[in-house]
Amino acid sequence: MAEKDHSYDPSGVEEKWQKYWDDHGINRFTRDGLRAASDPFYNLMMFPYPSAEGLHVGNIYAFTGADVHGRYQRLRGRDVFEPIGFDAFGIHSENFALKMGIHPMDLIPKNVENFTRQLRRIGGMFDWDHTVDTTDPAYYRWTQWVFLQLFKAGLAERKEAPVNWCPSCMTVLANEQVVGGLCERCDTPVEQRRIAQWFFAITKYAQRLLDNLDEIDWSESTTKAQRNWIGRSEGAELAFPLVPHDEGHDPVDPESVAARDDAHTIRVFTTRPDTVFGATFMVLAPEHPAVELLVTDEHQVVVDAYQRQAAATDLVARQKTDKTKTGVFTGGYCRNPATGEAIPVWIADYVLMDYGTGAIMAVPGHDERDFEFAREFGLEIPRVVAGEGEDADTPLESAYVGPGRLVNSGQFDGMDKDEAIRAITAWLGERDLGELRVNFRLHDWCISRQRYWGPPIPVIHCDGCGPVAVPEADLPVVLPRVEDFKPDDSGISPLARVKEWYEAPCPQCGALARRETDVSDTFLDSGWYFLRYPSTDSDDRPFDDEITKRWLPVDTYIGGNEHAVLHLMYSRFLTMVLHDLGHLEFEEPFARFRAHGLIIRNGAKMSKSRGNVIVPDPIIESVGADAFRLYLMFLGPFEEGGDYRDEGIEGPRGFLNRLWDAAQSAEDRAPDPDVERKLHQTIQQVTDQIPGLQYNTAIAALMEYLNAVRSGGRVAARAEVEPLVVMVAPFAPHIAEELWAGFGHEGSIFDAAPWPRFDAEKAKESTVEVAVQVNGRLRATIRIPADASREVAEAAARAQENVVRYLDGASVRKVIHVPNRLLNFVVG
RNA sequence: GCCGGGAUGGUGAAACUGGUAAACACAGGGGACUUAAAAUCCCCCGGGCGUCACGCCCUUGCGGGUUCAAGUCCCGCUCCCGGCACCA
C-alpha cells in the first residue's frame, strides 16, 4: 500500500494514466482484435465538428455520458469499441475560415489537433487508431462511393427545384437548415432560387422509415420527432377537370363529370374527401404548371405579377402563418366532380408546390385556412358537415373541423364523416376521379451544395452521355486546393472557376466533359461514418464485411436530440439503401439510441453573447478531469440535462478526496457486516442504474456508501473500498486506475473485468423500519424483522404509545399491510 | 396550433409497481481536532404550533376527482424549456 500522507494530485494521476493507456494501447483494437472480439459492444457517440473554440461543455457532457456507459460495459468484461472522429467539412468551417482568412485545409488540422488534445484530457476511452476525419480523402473517397451506390440504384436524381437561397452565405440551404424562414447559420431571411441539384430519393423509403421506428429502442422523444417529420397522412387524391374557356359555367349533372387528359385535370390531395360537396373553389400553388392553361387574358397581368412576387418572396414570408391570406383569381374554372358546379381557380402562396399535388380543393366551411381565404375574398362558405346539435342551416362562425354527419351533400346526407370518406372516394373512383392515397411530409434529400468545403460529387457531365458516374476505381475525386474559395452570388460553386480541375474526359465516350462542381451536404459525410470506424484500416473498401458483421449495428448511440430528424434519419436511410443493395445485413444502424439533455448554467442558457459559457480547460486544470466528469454526471439526470453551478463541483471533488484517503489508509481485515450489507445494496443499485443512464442517482449511492464506510472517522477495510473503486471507475477512470494499482493489481483496471458481483443474501437487511399509519397519517415507525408477518407487524404497531392513542375508542375496520413498508389502520 | 419534456426546500435534485416527501450534494449555521488554516469528523438546516424531549398541523405549479393511502393515477387549467408548424 502507498504511504499514508501521499495526497491526491489529480493532474499527476491523470497524466500518468493517460500516458499508460496510450503506451499500452489499452483502448485500441488491431484489425485482428476487431475480427476476433468475442463479446463486442459498439459504443458510439456523435462525432464533433472541430470548431476553433475547442470542445465546449456540451460536447464533454455528451461524450462523458457515453464514455461512462462504455467503460461500464468494459468493466463487465465486454469488448468495447469506442471511436471518435471529426465532422470537419461544411459551411461552418468554411465560413470560419473565410472570416479568419485562413484556408480550411490549414485551419482544420489545427482544430483537430486541439480537439484531440482535449478529448484525451477528459479521459475518454477512445480508440485513437480508428478515428475518422471526414475531410480526409481516404474517408471521403468512400463518401463518394456511397453517392455512387445511390446513383447507380437510381436513387440519386438531378432535378431543377426551387431551393432556399441564403443571400449572406450565398448558398443553397436544405429545408431543414431554414429555421423559421431564416438561415440556420446566420439568421438572414432566405430567398428562393431555381437550380439543378442532386436529390436522394428518401421519400421512397418513407413508409419503411416510419414502420421500423416500432422495432428500434430509441428515446421516445426522438422517434416521435421522426414520426412527425415523416408526416404520414391518409386521404384521397381527387380529380377536378378543367372547364374549357369557351364552355359555360352552368352546373352539370355530377354523374356526367368525367376525367380529361392529365394536362386538363387538376388533382388535389385531401384528407377530407367527405367535404368535397363543400369545395367551392380551388387554390393552386403559384408555381403550379396548370396555371398557364387556366389563366384568362384579362387576368394574365395580375397572375403574372402574383407569380413573380411569390417567386421572389422566399419560403420565409410564405411560411408565416399569421399574415393575412393573399391570392388572385386566374379567371379559369374547373368542375367539382361531386356537385357538377364550375368552381373558380385561384392561386395563393399558402398552397405549397412541394406538398401533395401543389393544388387543393378549398373547403372553406371545414378548413381553417380556406375559411380565412374565403372571408378575405368574399367567397361562399357552405356547410357540409353538421356536428352535435347542428343542422344543414346552422351558420358557420368559423371552420368546423370536428366529427359529424354530412349535410348539403346530395345522396350522402346523414352519413357519418368517417364512412363518407370511404363512400365518396369510392363513388368518385367509379368515374376515375378519386382514389385513396397516402401522402408524406418528408421531402427528398437535396445533397448539392454550391460551396467549396465538401467532397466533390463524383459525376462528370458529358454533352453526349449526360451525367456519368466517376468510375469507382477513380475515386477519390480530390477536392483541389483553391485559394479563392469564397462563394459569389452567381450561385455556382467556386470549383467552377478551376478549369484545369473540372475539365475531364467522359468516362463513357472519352469526349471532353465537365466535372460536377457542387460538393455534397455534410449530412452525407455523417450519414455513414459509424460504418467506417471499425474498418479504417481497410483502404480498398468502405467497410470490411467480417468486421461489420461482428460489430454492427451499433449497440448504443448517444447524442443530442438536435439531430433527431436530420442526421439520424439520413443515417437510417443510407443504411437501408446499402442493405437493399446487398452491402449490409441489417437495415437499422443504431439498435439503441439515447438523447442526452442540455446543460444550462446557473439557471440560464449558455451563450457567447451572455458571456456565461463554461470553459473546460481551467476547470480540468484545477480540479481534474475525474472531478469534472463526476460532477457533470451528478448534476442532473443525463437524459434531461441539468444546471451547472460552479460551486457544485465541490461535492464530487470532496468525494474523490475522501475516496483517495479511504483507499490509501485501508486495512487488510474482514469487512464490517453492516458496511458489507450496504456495499451489496450499493452494487445492486449502481449495476441497475448505470446501463439505464441514471448516473446522478448511481453517484449519489456511491457517495452514500463512502459516507457509511467513513462514518465516525472509521478506517476502511480494503474489501470495503476496493469494489467502490471499481464502481467509481466509469465516472473517474484515472483515480480508479491509480487506486487499483495501489491495491497491488497489475495492468489496467479496465482489462480486469472486476465489476463486483451482487449477492442478494449479503444485501439483505435483518430488520426493517415500517411506517405505521392510522387513517393514512403517519403515527409511528417500528423496527421489526424483515419479512415479518402481518400479525407480528400489527402487534409491534399496537405496542406504540402514539398508535394506541389513535386507536383508543375507535373500531378498526381494516388493516392494510405492505410487507417491509407500511401498516395502515383504517378506523371509523 | 401540434408533438415532446418539465414545475418538489435557499440551490442542483431524489422518491422502486400508488405505500414514511425532500436521499445525495451545494450554500448557510453550530461544534470537535488544529498555534492557525486547509482537510477530516459530528450536529442543525421546508413552513407553522406545543409544556421547541414525547408530539400536532400544513407543504410537491393551480382547481377538482379516484383510493385506506396520491409528488406518482384520472379530469380540467397555468406557466417554463425544446422541437415542428399555411403539409391540405
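These numbers come from a predicted model, not from an experiment.

> Where do I start with the overall build of chain A in this structure?
Helices and strands together make up the secondary structure of chain A, namely 28 helices and 34 strands. With respect to the principal axes defined by its C-alpha atoms, chain A has extents near 105 × 90 × 50 Å. Per-residue burial for chain A yields a buried fraction of 56% across its 828 residues. Sequence separation of at least 24 residues holds for 74% of the intrachain contacts in chain A that already meet a minimum separation of 6. For chain A, the exposed area adds up to about 35100 Å²; of that, 48% sits on carbon and sulfur atoms.

> Please clarify how the nonpolar core should be interpreted in this entry.
Nonpolar side chains tend toward joint burial in soluble globular proteins. Of all hydrophobic cores here, the largest spans 173 residues; its most connected members are Phe147, Phe200, Trp445, Tyr529, Tyr644, Leu656 and Phe731. Both of domain 1 (145-198 + 444-521) and domain 3 (616-762) provide at least three residues apiece to this core. Not counting the four nearest positions on each side in its chain, phenylalanine 731 is found in contact with Val68, Asp626, Arg629, Leu630, Met633, Ile690, Tyr695, Ala698, Ile699 and Leu702. Listed in part, the 56 residues of the second largest apolar core include Val243, Ile266, Val283 and Phe412.

> So what exactly am I meant to see when it comes to the protein's contact with RNA strand B here?
Residues in close proximity to RNA strand B total 57 residues, the closest being Thr271, Lys325, Arg369, Arg777 and Arg821. Within 4 Å of the protein, the contacting atoms of RNA strand B are drawn from sugar and phosphate to the extent of 66%. Residue asparagine 696 places a side-chain N or O atom 2.7 Å away from a phosphate oxygen belonging to RNA strand B. Between RNA strand B and the protein, one listed contact pairs a base nitrogen with a side-chain N or O atom of arginine 821 at 2.4 Å. Broken down by element, the residue count for the surface near RNA strand B peaks at 7 residues, all from helix H23 (residues 695-710).

> When you look at the side chain of histidine 596 in this model, what are you seeing that I'm missing?
Counting through the fold element by element, histidine 596 comes out in strand S28 (residues 592-596). Here histidine 596 is in contact with Tyr61, Ala62, Ile558, Gly559, Gly560, Phe638 and Glu639, once residues within four sequence places are set aside.

> Where do I start with the sheet that holds strand S22 (residues 459-462) in this structure?
Across a sheet, paired strands are connected by hydrogen bonds in the backbone, their directions being either parallel or antiparallel. The sheet built from 4 strands is open, its strands ordered S23-S22-S25-S24 with antiparallel pairing. The sheet is open, and its two edges are formed by strand S23 (466-469) and strand S24 (503-505), each paired on a single side. Ignoring strand direction, the axes of neighbouring strands in this sheet form an average angle of 45°. For S24 and strand S25 (residues 512-515), the ladder comprises 3 bridges, and the chain directions are antiparallel.

> What's the story with the sheet that holds strand S34 (residues 822-827) in this structure? I'm lost.
With respect to topology, 4 strands assemble into an open sheet ordered S32-S31-S34-S33, the strand pairing being mixed. With one partner strand each, in any of the chains shown, strand S32 (777-785) and strand S33 (812-818) form the two edges of the open sheet. Taken over all neighbouring pairs, the strand axes of this sheet differ in orientation by 20° on average, direction set aside. Pairing geometry for strand S31 (residues 767-774) and S32, over 8 bridges, is antiparallel.

> Hey, could you run me through the pairing of S33 in this one?
Along a regular strand, successive side chains alternate from one face of the sheet to the other. In the sheet, S33 pairs with S34 via 6 bridges, with the strands oriented antiparallel. Within S34, the position partnered with valine 812 by the bridge is valine 827. A loop of 3 residues connects S33 with S34, the two strands running antiparallel in sequence, and asparagine 820 in this loop sits at a positive phi of about 70°.

> Just to check I follow, could you spell out the pattern of salt bridges for this structure?
When their charged atoms lie close together, side chains carrying opposite charge are able to pair. Enumeration over the complete set of coordinates arrives at 51 salt bridges. Of the charged contacts in the structure, one is a salt bridge between arginine 710 and aspartate 661, with a shortest N-O distance of 3.0 Å. A residue pair is termed long-range when its members are at least 10 positions apart, and arginine 710 in helix H23 and aspartate 661 in helix H21 (residues 650-664) qualify at 49 residues. The partly exposed category is assigned to aspartate 661, whose relative accessible area is 34%. The salt bridge involving arginine 677 is made with glutamate 765; its shortest N-O contact spans 3.5 Å. On the criterion of sequence distance, the pair formed by arginine 677 in helix H22 (residues 673-689) and glutamate 765 in the loop between helix H26 (760-763) and S31 is long-range, its members being 88 residues apart.

> Sorry if this is basic, but what is going on with the confidence of the model for chain A here?
Close reading of the predicted structure is inappropriate where its pLDDT is low. The predicted model of chain A averages 90 in pLDDT, with 96% of residues at 70 or higher. For the stretch residues 1-5, pLDDT sits under 50, and the model shows 7 contacts to residues farther than four places along the chain or on other chains.

> So what exactly am I meant to see when it comes to the side chain of arginine 532 here?
Assignment of secondary structure puts arginine 532 in helix H16 (residues 529-532). Polar contacts involving the side chain of arginine 532 include one to the main-chain carbonyl oxygen of proline 542, which spans 2.9 Å. Beyond its immediate sequence surroundings of up to four residues, arginine 532 is in contact with Val132, Ala138, Tyr139, Trp142, Ser538, Arg541 and Pro542.

Reading guide: rules and limits
- Residues numbered from 1 in each chain as written.
- Chains lettered and ligands numbered in written order.
- Predicted model: local features only at pLDDT ≥ 70, side-chain atom pairs only at ≥ 80, totals over all residues.
- Heavy atoms only, no water.
- Helix = DSSP H or I, 4+ residues; strand = E, 2+ residues; numbered from the N terminus.
- Buried < 20%, exposed > 50% of the residue type's maximum accessible area, 1.4 Å probe, protein only.
- Contact = heavy atoms within 4.5 Å.
- Areas by Shrake-Rupley, 256 points an atom, 1.4 Å probe, with all protein chains shown as cover.
- Core = buried A, V, L, I, M, F, W, Y, C linked by side-chain atoms within 4.5 Å.
- Domains from an automatic or database assignment.
- Near = heavy atom within 4 Å.
- Polar contact = N/O pair within 3.5 Å; in protein donor to acceptor, adjacent residues only side chain to side chain.
- Pairing = 2+ DSSP bridges.
- Axes fitted to C-alpha atoms, helices over the stretch in contact; angles between N-to-C directions.
- Salt bridge = Lys/Arg side-chain N within 4 Å of Asp/Glu carboxyl O.
- pLDDT = per-residue confidence, 0-100.

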